[in-house]
Amino acid sequence: MRRFLPSLSALQAFDSAARHLSFTRAAEDLMLTQSGVSRQISNLETYLGVRLFERIGSRLVLTDAGAAYAADVRQTLDRLEEVSIDAVRGRKADKSLMLGAHPTFALRWLIPRLRAFGRAFPGLPVEVMTMPQGATPADAETDLCILRGVGSWQAARVRPLMPERLAVVAAPALVESLGPLPEELDFRRLPTLQNASRPSLWLQWLRAAGRRYEGAIQGNRMPQTEMLIRAAVEGLGLAVVPDIYIEDELRQGLLMLPFGPPVPSGEGYWTAIPETRAHRPNLVAVRDWLLRSADGPRHE
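Being a predicted model, the structure only gives us computed values, none of them experimental.

Focus: the overall build of the protein chain
Here's step 1: Counting its regular elements, the protein chain contains 11 helices and 12 strands.
Here's step 2: Against the compact-globule benchmark of 19 Å for 300 residues, the protein chain has a radius of gyration of 25 Å, which places it well outside the compact range.
Here's step 3: Summarising its shape, the C-alpha atoms of the protein chain cover approximately 80 × 50 × 25 Å along the three principal directions.
Here's step 4: Out of the 300 residues in the protein chain, the part that is buried amounts to 45%.
Here's step 5: For the protein chain, restricting intrachain contacts to residue pairs at least 6 apart in sequence, the fraction spanning at least 24 positions comes to 74%.
Here's step 6: Counting every atom, the protein chain has about 15900 Å² of accessible surface; 53% of that belongs to carbon and sulfur.
Here's step 7: If the 36 positive side-chain charges of the protein chain are averaged to one point and the 33 negative ones to another, these points end up 3 Å apart.

See the structure below:
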């Protein structure tokens, strides 16, 4: 018996239009023309015999039936996407884990804990995926991600992992060559390093530390924190970095804190599970393990 099913392209057009409440933005999302999206929606309404959208002035709004249908269609498309990815990966989604994080966080905080993770979740393979600055849980094709910010992302189950603290670090030889450092910083004589992905870090640290300064904050720019740390170890300048990234360098004496202990940045690191995956109990278990591990040692 033939199923009573609309075309997949019509459902995708409807889902995008319902999310954006705009045929134009749905067309951009799906790389179609606006008239193409409108035609798909019209065909879907004819097929169902139900009005899904209404125009109120210049605004596009969902009807009551359209809003209810949109919620169900979104869950169905999410599930279809999930089983399709399962087919590509050759295993069920709940038998593996796609875990996303910013590159330096993944390298310096997450990977050192994966051995303990493997003992806690034997048989659960992990695929670590790197995420760019500014990414949101909705942007990421991950099961669970760890992001930096204030935790205000939409369509995700968010929990605080740890606060972020910033520290100024430098190689001991550089600090010695600079001589006594005054309370008021003179950036005309201080060699500094800049983080191109987070250009406001120096100002964040200055405000949080209550430091006065003069002169323009300039210096060599690095594209990400990992390279910034390496440049600081090489003595190229003073750098502002999250303290969780430089534990090894401080312990080994490769870097020091010339301006005292770290200060809160006002942001933090958060775990986030997209709402579309929140039904999976293994993700909640992994999330809870990560929250506990934030208070424990790197290696267990």
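Remarks on the pattern of salt bridges
Here's step 1: The tally for this structure, following the rule as stated, stands at 20 salt bridges.
Here's step 2: Arg 108 is the salt-bridge partner of Glu 226, the closest N and O atoms lying 2.6 Å from each other. You can see Glu 226 sitting in helix α9 (residues 225–233) and its partner Arg 108 sitting in helix α5 (residues 103–110), a full 118 residues away along the chain.
Here's step 3: A relative accessible area of 15% places Arg 108 in the buried class.
Here's step 4: As a salt-bridge pair, Glu 183 and Arg 211 come within 3.8 Å of each other at their nearest N and O atoms. Highlighted residues: Glu 183 in the loop between α7 (172–178) and β7 (185–186) and Arg 211 in the loop between α8 (201–209) and β9 (213–214), separated in sequence by 28 residues.
Here's step 5: Taking relative accessible area as the criterion, Glu 183 reaches 54% and is therefore assigned exposed.
Here's step 6: The class for Arg 211 is buried, based on a relative accessible area of 16%.
Here's step 7: Via salt bridges that share partners, Asp 15, Arg 19, Asp 29 and Arg 74 belong to a single interconnected network.

Focus: the packing of aromatic side chains
Geometry of an aromatic ring pair is reported as the spacing of the ring centres plus the angle between the planes.
Here's step 1: With the rule as written, the count across this model stands at 13 aromatic pairs.
Here's step 2: With 5.6 Å between their ring centres and 90° between their planes, Phe 23 and Phe 53 make a pair best called edge-to-face. Note that Phe 23 is positioned in helix α2 (residues 23–30) and Phe 53 in strand β1 (residues 53–56), a separation of 30 residues in sequence.
Here's step 3: Using a relative accessible area of 10% as the deciding quantity, one classes Phe 23 as buried.
Here's step 4: The cationic tip of Arg 55 hangs over the ring face of Phe 23; the distance from NZ or CZ to the ring centre is 5.7 Å.

A few points about α9
Here's step 1: Among the residues of α9, Thr 225, Leu 228, Ile 229, Ala 231, Ala 232 and Val 233 are the ones counted as buried.
Here's step 2: The secondary structure elements touched by the buried residues of α9 are α5, β6 (156–169), β8 (192–195), β10 (219–222), β11 (239–242) and α10 (247–251).
Here's step 3: Note on α9: the residue one or two positions beyond its end, Gly 235, has a positive phi of about 80°.

Some details on the sheet that holds β6
Here's step 1: Here 6 strands make up an open sheet; going across it, the order is β4-β3-β5-β12-β6-β11 and the pairing mixed. Only two strands of the sheet have a single neighbouring strand rather than two, namely β4 (126–130) and β11. Taken over all neighbouring pairs, the strand axes of this sheet differ in orientation by 25° on average, direction set aside.
Here's step 2: Its contacts with the sheet place α8 against β6, β11 and β12 (263–274), and it is angled at close to 120° to β12.

Notes on the nonpolar core
Here's step 1: Residues Phe 105, Trp 109, Leu 161 and Leu 290 are the most contacted members of the largest nonpolar core, which totals 36 residues.
Here's step 2: The dominant element in this core, judged by the number of residues it contributes, is α9, at 5 residues.
Here's step 3: Excluding anything up to four places from it in sequence, Leu 290 contacts Leu 99, Trp 109, Leu 110, Leu 144, Ile 146 and Leu 161.
Here's step 4: Listed in part, the 18 residues of the second largest apolar core include Ile 41, Leu 52, Phe 53 and Leu 60.

Considering the environment of Leu 236
Here's step 1: In this structure, Leu 236 sits in the loop between α9 and β11.
Here's step 2: Each C-alpha atom, one on Leu 236 and one on Pro 122, is 43 Å from the other, the two residues being 114 residues apart in sequence.
Here's step 3: Ignoring any residue separated from it by four or fewer positions in sequence, one finds Leu 236 in contact with Pro 191, Leu 193 and Ala 231.

What to know about helix α1 (residues 8–20)
Here's step 1: Between the first and last C-alpha of α1 there are 18 Å, a value that for 13 residues agrees with the 18 Å anticipated at 1.5 Å per step.
Here's step 2: Regarding α1, the residues found buried are Ala 10, Leu 11, Ala 13, Phe 14, Asp 15, Ser 16, Ala 17 and Ala 18.
Here's step 3: Just downstream of α1, Leu 21 is the residue with a positive phi angle, here 50°.

Description of the side chain of Arg 287
Here's step 1: By the element assignment, Arg 287 lies in helix α11 (residues 281–293).
Here's step 2: Look past the residues within four positions of Arg 287 in its chain and what remains in contact with it is Leu 144, Arg 159, Thr 271 and Ile 273.

Structural notes on the pairing of β11
On a regular strand, one side chain projects to one face of the sheet and the next to the other, so that they alternate.
Here's step 1: Here β11 shows a buried face lined by Ala 239 and Val 241 and a second buried face lined by Val 240 and Pro 242.
Here's step 2: Bridge analysis of β6 against β11 gives 4 bridges, and the strand direction is antiparallel. Opposite Ala 167, over in β11, you have Val 241 as the bridge partner.

Rules used in this analysis
Residues numbered from 1 in each chain as written. Predicted model: local features only at pLDDT ≥ 70, side-chain atom pairs only at ≥ 80, totals over all residues. Heavy atoms only, no water. Helix = DSSP H or I, 4+ residues; strand = E, 2+ residues; numbered from the N terminus. Rg over C-alpha atoms; globule rule 2.2 N^0.38 Å. Buried < 20%, exposed > 50% of the residue type's maximum accessible area, 1.4 Å probe, protein only. Contact = heavy atoms within 4.5 Å. Areas by Shrake-Rupley, 256 points an atom, 1.4 Å probe, with all protein chains shown as cover. Lys, Arg positive; Asp, Glu negative; His and termini not counted. Charge placed at Lys NZ, Arg CZ, Asp CG, Glu CD. Salt bridge = Lys/Arg side-chain N within 4 Å of Asp/Glu carboxyl O. Phe/Tyr/Trp six-rings, centres within 6.5 Å; stacked < 30°, edge-to-face > 60°. Lys NZ or Arg CZ within 6 Å of the ring centre and 35° of its normal. Pairing = 2+ DSSP bridges. Axes fitted to C-alpha atoms, helices over the stretch in contact; angles between N-to-C directions. Core = buried A, V, L, I, M, F, W, Y, C linked by side-chain atoms within 4.5 Å. Expected span 1.5 Å × (residues − 1).

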